[in-house]
Amino acid sequence: LRLDDRSYENFGPILSPIAATIDDLSGDWALSYADLYPSTPRTIEGQAFLATNACYALAGLVLGIRGDWFFGGLTELAGVVSFWYHYSQLEFGKDRSEVRLALLTDYFTAGAALITGGVYMVDLGISAVPFNSLIVGASSILCLSLCWVWEFGYPYLFWHSLWHILSAYTGYLIGQAHLGA
């Protein structure tokens, strides 16, 4: 985005200055997003991609049922907002304020879940963090990183779907370990 192409339409008086600051600090990178054309929410690949957000709902629901309603709820909320963001991304396409608003909200909700998971890991102590959660977590970060290498179409859909699946599973594993502590 060029500076004069930025739009904070629909962001409101509180989120507009936050979004502008994020754009300024990141050189307009942080609130940019992949162009997924020709995929839409109505194509098979778009629907499959959106369906991977259900992994967050499942992980959050199981954690909540087992007693961790806080982290479980944050994980579910992150999944709902991620679905909204990616649905908007698929529906509206490139450089739209509606998508940028959903992405900003996704940062807040996913960030809250990630920070909570990090606090849980610190609370557990590194020696008590399950090794498989570290492997799955590292794999999820690798997949997220590959989304930025191939930030378009089918490659993005593939790698970002794996990010959803593996990061949800990582959150579940960390939440389970914390519940057992």
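A short tour of the structure in this document, coming up. (Residues numbered from 1 in each chain as written. Predicted model: local features only at pLDDT ≥ 70, side-chain atom pairs only at ≥ 80, totals over all residues. Heavy atoms only, no water.)

**Overview of the pattern of salt bridges**
Turning to step 1, where the next piece is worked out: All chains considered together, the criterion is met by 3 salt bridges.
Turning to step 2, where the next piece is worked out: The partner of Asp23 in a salt bridge is Arg100, and the shortest N-O contact between them spans 2.7 Å. One end of the pair, Asp23, is in helix α1 (residues 12–26); the other, Arg100, is in helix α5 (residues 97–124), and 77 residues separate them in sequence.
Turning to step 3, where the next piece is worked out: Since its relative accessible area comes to 1%, Asp23 is described here as buried.
Turning to step 4, where the next piece is worked out: Classification of Arg100 as buried rests on a relative accessible area of 2%.
Turning to step 5, where the next piece is worked out: Its salt-bridge partner being Arg96, residue Glu98 comes within 2.9 Å of it at the nearest N-O pair.
Turning to step 6, where the next piece is worked out: Owing to a relative accessible area of 24%, Glu98 belongs among the partly exposed residues under this scheme. (Salt bridge = Lys/Arg side-chain N within 4 Å of Asp/Glu carboxyl O. Helix = DSSP H or I, 4+ residues; strand = E, 2+ residues; numbered from the N terminus. Buried < 20%, exposed > 50% of the residue type's maximum accessible area, 1.4 Å probe, protein only.)

**Structural notes on the packing of helix α6 (residues 131–149) against helix α7 (residues 153–180)**
Angle between the axes and distance between the axes are the two parameters that describe a pair of packed helices.
Turning to step 1, where the next piece is worked out: Where α6 contacts α7, the two axes come as close as 8 Å, and the packing angle between them is 155°. Taken together, the axes of α6 and α7 lie roughly antiparallel to each other. Regarding α6 and α7, the two cross each other, and that crossing is left-handed. Facing Asn132, Ser133, Val136, Gly137, Ser139, Ser140, Ile141, Cys143, Leu144, Leu146 and Cys147 of α6, the residues of α7 in contact are Tyr156, Trp159, His160, Leu162, Trp163, Leu166, Ser167, Tyr169, Thr170, Leu173 and Ile174.
Turning to step 2, where the next piece is worked out: Considering only residue class, the contact of α6 with α7 consists of 14 nonpolar, 8 polar and no charged. (Axes fitted to C-alpha atoms, helices over the stretch in contact; angles between N-to-C directions. Parallel < 35°, antiparallel > 145°, perpendicular 65-115°, else oblique. Left-handed = near helix turned anticlockwise from the far one by under 90°. Contact = heavy atoms within 4.5 Å. Nonpolar A, V, L, I, M, F, W, Y, C, P; charged D, E, K, R; others polar.)

**Comments concerning α5**
Turning to step 1, where the next piece is worked out: With 28 residues, α5 should cover 40 Å at 1.5 Å per step; its first-to-last C-alpha distance of 40 Å lies within 8% of that length.
Turning to step 2, where the next piece is worked out: Among the residues trailing α5, Gly125 stands out with phi positive, at a value near 90°. (Expected span 1.5 Å × (residues − 1).)

**Brief notes about the layout of surface pockets**
Turning to step 1, where the next piece is worked out: Estimated volume of the largest pocket: approximately 810 Å³.
Turning to step 2, where the next piece is worked out: Counting residues per element, the ones that place at least two in the lining of the largest pocket are α4 (69–92), α5, α6 and α7.
Turning to step 3, where the next piece is worked out: At 10 residues, α5 tops the list of elements feeding residues into the lining of the largest pocket. (1 Å grid on protein atoms, 1.4 Å probe; cavity = no way out; pocket = protein on both sides within 12 Å on 5 of 7 lines; lining within 4 Å. Points joined across faces, edges and corners; volume = space filled by probe spheres on them.)

**Things to note about the state of the cysteines**
Turning to step 1, where the next piece is worked out: In the structure shown here, the tally under the stated rule is 0 disulfides.
Turning to step 2, where the next piece is worked out: The closest cysteine sulfur to the non-disulfide-bonded Cys55 is located on Cys143, 13 Å from its own sulfur.
Turning to step 3, where the next piece is worked out: The partly exposed category is assigned to Cys55, whose relative accessible area is 26%.
Turning to step 4, where the next piece is worked out: Residue Cys147 stays outside any disulfide, its sulfur separated by 7.3 Å from that of Cys143, the closest cysteine.
Turning to step 5, where the next piece is worked out: Of the residues examined, Cys147 reaches a relative accessible area of 0% and is grouped as buried. (Disulfide = S-S within 2.5 Å.)

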